[in-house]
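So the chains spell out like this:
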Amino acid sequence: MSCLFSCKKEESESTSHTKVVDSQIAYLNSKGFKKENIEFKNGKFILDNDILINQDEVAARIKSEGTSDGPQTEHWRHRYIVSRTYQYDVRVYIDPAVPADWQTATQGAVTNWSTLGSGLGMSLVSTLFQAHTRVFAGYESGANWVARAYLPTSNGRPGVSIEINTYYNYLTPSEKLFAITHELGHTVGFNHTDQNVGFFITSGTPWIPDPPQVDPYSVMNSFILPWNGFTTGDVQATRILFPF
Ligand SMILES: [Zn+2]
């Protein structure tokens, strides 16, 4: 930090900034994310290595949950999944710079969710303008994320992007398919099955069923497997959250 100007002012701003971040971390922690798995970087939080949420969005969630606007909307205030406006056709755009085999994986992942047998549908679109979610290629050598995705916004819009770490280009096509299917799960609101509170970011509310204790082949586990289809738990959870 430069001290050419007022260092004191910067320090005091930085202190209040830290307090805000601390309170937001406490909020995310109260939603089941372990503190050691919450990282704050460039205005966004990274949860469990691959789930992204903007600081503004966390603030919006905190604000929304702090206000009481009646039972009708209570469902939506506490479960941050894509709303019915979007769930039938989450439109995905693949940046042209995404390597071909990751593009294939993305196409397959869109098909996976669309054919699961729920009210959740996805499609690929050819322009960014039409899209809800943009898939793009990044690179971070040796990083512990293969791909990472934004959660939906608190007003029900799908997560804005999925970034693929091309450091992991060596994964098999089947693992890539698993990885992108997983990330698309985050963009519509799924959390990790095997961590914290379970399948969903807001698990524990009366509307969210308890996930199976262990679902070792769930696509929403935090580790990548060869793609072998959705588990019964994946299918049930998706049908409950996204009815026809
Ligand atoms: Zn994940």
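To keep things clear, this report deals only with the structure shown in the data block. (Residues numbered from 1 in each chain as written. Predicted model: local features only at pLDDT ≥ 70, side-chain atom pairs only at ≥ 80, totals over all residues. Heavy atoms only, no water.)

Glancing now at the layout of surface pockets. Put simply, the largest pocket is a space of about 250 Å³. Around the largest pocket, the lining is made up of 18 residues, and of these Asp48, Asn49, Asp50, Asn144 and Ser222 lie nearest the centre. Looking at the lining of the largest pocket element by element, the count peaks at 3 residues for helix α6 (residues 173-188). For the lining of the largest pocket, the per-class residue count stands at 6 nonpolar, 8 polar and 4 charged. The volume enclosed by the second largest pocket comes to roughly 200 Å³. Every residue lining the second largest pocket is counted, 17 residues in all, and those nearest its centre are Tyr150, Thr153, Pro158, Gly159 and Val160. Where the lining of the second largest pocket is concerned, the elements lending two or more residues are β3 (51-54) and β6 (133-138). Among the elements that line the lining of the second largest pocket, the one with the most residues is β3, at 3 residues. Across the lining of the second largest pocket, the residue classes break down as 9 nonpolar, 5 polar and 3 charged. (1 Å grid on protein atoms, 1.4 Å probe; cavity = no way out; pocket = protein on both sides within 12 Å on 5 of 7 lines; lining within 4 Å. Points joined across faces, edges and corners; volume = space filled by probe spheres on them. Helix = DSSP H or I, 4+ residues; strand = E, 2+ residues; numbered from the N terminus. Nonpolar A, V, L, I, M, F, W, Y, C, P; charged D, E, K, R; others polar.)

Take the side chain of Ser161 next. Tracing the sequence through the fold places Ser161 in strand β8 (residues 161-165). In contact with Ser161, not counting residues within four places along its chain, are Thr133, Arg134, Phe136, Arg148, Ala149, Tyr150 and Thr187. (Contact = heavy atoms within 4.5 Å.)

Those protein atoms acting as donors to the zinc ion are Asp50 (OD), Asp50 (OD), His182 (NE2), His186 (NE2) and His192 (NE2), and they sit at 2.0 to 2.4 Å. Written as a sequence motif, the donor residues of the zinc ion are D-x131-H-x3-H-x5-H. On the criterion of sequence distance, the pair formed by Asp50 in the loop between β2 (44-47) and β3 and His186 in helix α6 is long-range, its members being 136 residues apart. The exposure classification of Asp50 matches that of His186, with both residues buried. (Donors = N, O, S within 2.8 Å, 3.2 Å for Na, K, Ca; no water. Buried < 20%, exposed > 50% of the residue type's maximum accessible area, 1.4 Å probe, protein only.)

Take it as geometry only, folks, not as evidence of what the structure does.
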